[in-house]
Amino acid sequence: MNFLLKGARNILHVMSKYGLRVAIKALMNYQGAYFRKLQLPLPVEIQIEPSSVCNLHCRMCGLNKGTRKAFLKPEQFEYILDKLGTLKGINLTGMGEGLLNNDLEKLIGLAARRGIDVGFITNGLLMTEDRINSLLSTSLRSITISIESAVPGIYEKIRLGGSIEKLLENLRLLDNAAISSNSEILIYLNTVLVKDLLDDLNNVRSVVDLASRYPSISGVTFQNVHDVFSQNTASLYDCHGATIKDIFRRIKLYAEENKVEISIPQPCIMKSSCFYPWVYPYITVFGDVLPCCILPQFGAYSEMIRDYSFGNIFTEDINDIWNGNRAMSFRRQMITDPTPFCKRCSKYLNIL
């Protein structure tokens, strides 16, 4: 029922903002996901990777150092947009750090000229004053900055190679620039809830404090780590989720007291809750169309692409890829007996 209500709200929003044509296409996607159809129209939302390179090595990230280094070029991005046709939104985020791609603003502009909303997630450490002004001058819809804790020493233990002092300075620069330019870009903080943070909520509170300090920040999104068993987060959902419900209650209360908008995962595990392979695929910087953006977190990147790619958009027709044998086989497997990776995934378990 929640899926239907959420889908109905999304359709009404899409119709009001993007028109009937996009709304009908979105409705067909949601309908296909709900009834677990194997063949579908092309998606209206997608995640596209601008960079396979990252300046950090985060504890919860599966990006391996052996991954081939590449950046998505504007002509490649435009080719993808031409092939996909009608879209309403793109998450321009991948396994790598998007700000390492010097053409990121060009990619945003190419999508914006087609009326496509674009957002991206960044670790924020490369946001110089010039780069911030460059981003704020685009038609970007949202920027999300990843931060697990502002407590000294904790951030660096999770985001290896990072500096909390540098990130806090960049947040200050971003806030100043957004306020002075009257930017309408939505700015969020995002926290991945590894178990260490939930064991000591001072870490979570420090992120809420940051959001309350800067007027330009719209809120904080909290999410579980993708592989909830690798970080032992799943243990908090024992006993019908009583432990996690209490933790989430305290986080919500603190956010309310500080007048900070937050989103937080569901407290109850409900298997088979994933619809990404039906409505929200992921295209790598190399052109491979994957079932979702989460799957690469469960193994060596090149191996996951090799084993689970539906096809390559640079060399194959997207309609043949999206409704080809590999795509339909994966969706069928999701219905009957999902991959071991899917069974460990917070999205599949409804607690992302």
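That block above? That's the structure.
Along each chain, numbering runs from 1 in the same order as the chain's sequence is written. Given that this is a predicted model, residues contribute local features only at a pLDDT of at least 70 and side-chain atom pairs are listed and counted only at 80 or more, while totals for whole chains, interfaces and linings are drawn from all residues. To get the side-chain values, take all heavy atoms of the structure and skip hydrogens and water.

What to know about the sheet that holds strand S11 (residues 289–290)
So the rule is basically this: Whether two strands pair comes down to DSSP finding at least two bridges between them. Here a helix means four or more residues in a row that DSSP labels H or I, a strand means two or more in a row labelled E, and each is numbered from the N terminus. Should any heavy atoms of two residues lie within 4.5 Å, those residues are counted as being in contact. Helix axes use the C-alpha atoms of the stretch in contact, all axes being lines fitted to C-alpha atoms, and the angles between their N-to-C directions lie in the range 0 to 180 degrees.
The strand order S9-S8-S7-S5-S4-S3-S1-S10-S11 describes an open sheet built from nine strands, whose pairing is mixed. A single partner strand is all that each edge strand has here, and the edge strands are strand S9 (262–263) and S11. Here four bridges tie strand S4 (residues 117–122) to strand S5 (residues 142–146), and the two strands are oriented parallel to one another. When the bridges of S5 are listed, glycine 119 appears paired with serine 142. Contacts between helix H3 (residues 74–84) and the sheet are confined to strand S1 (45–48), strand S3 (89–91) and strand S10 (282–283), with S1 contributing the most and set at about 160° to the helix.

Notes on the pairing of S4
Convention followed: Handedness is read with the strands pointing away from the viewer; a crossover is right-handed when the path from the first strand over the helix to the second is clockwise.
Relative to S4, S3 is paired through three bridges, and the arrangement is parallel. Paired with asparagine 91 across the two strands is glycine 119, which belongs to S4. Each parallel crossover has a hand, and for S3 linked through helix H4 (residues 104–112) to S4 it is right-handed. In this fold, the crossover linking S4 to S5 by way of helix H5 (residues 129–136) has right-handed handedness.

With respect to the environment of lysine 271
So the rule is basically this: The buried label goes to any residue with under 20% of its type's maximum accessible area, the exposed label to any with over 50%, and the partly exposed label to all in between, with areas taken from a 1.4 Å probe on protein chains only.
Note on placement: lysine 271 falls in the loop between S9 and helix H11 (276–279). Residue classification places lysine 271 among the exposed positions, given a relative accessible area of 59%. Between the alpha carbons of lysine 271 and lysine 343 there is a distance of 8.0 Å; along the sequence they are 72 residues apart. Leave out the neighbours within four places in its chain, and lysine 271 touches Tyr348 and Leu349.

Topic: helix H14 (residues 325–336)
This is how it is decided: Expected helix span is given by 1.5 Å per residue-to-residue step, counting one fewer step than there are residues. Think of the arc as the fan of directions from the helix axis to the C-beta atoms.
In this model H14 runs 16 Å from its N-terminal to its C-terminal C-alpha over twelve residues, within 8% of the 16 Å that 1.5 Å per residue would give. Taken together, the buried positions of H14 are occupied by Ala327, Met328, Phe330, Arg331 and Met334. For H14, the angular spread of the buried residues around the axis is 160°, confining them to a single face. Opposite the buried face of H14, by more than 90 degrees, sit the exposed residues Asn325 and Thr336. Packing partners of the buried residues in H14 comprise H11, helix H12 (301–308), helix H13 (318–322) and helix H15 (340–343).

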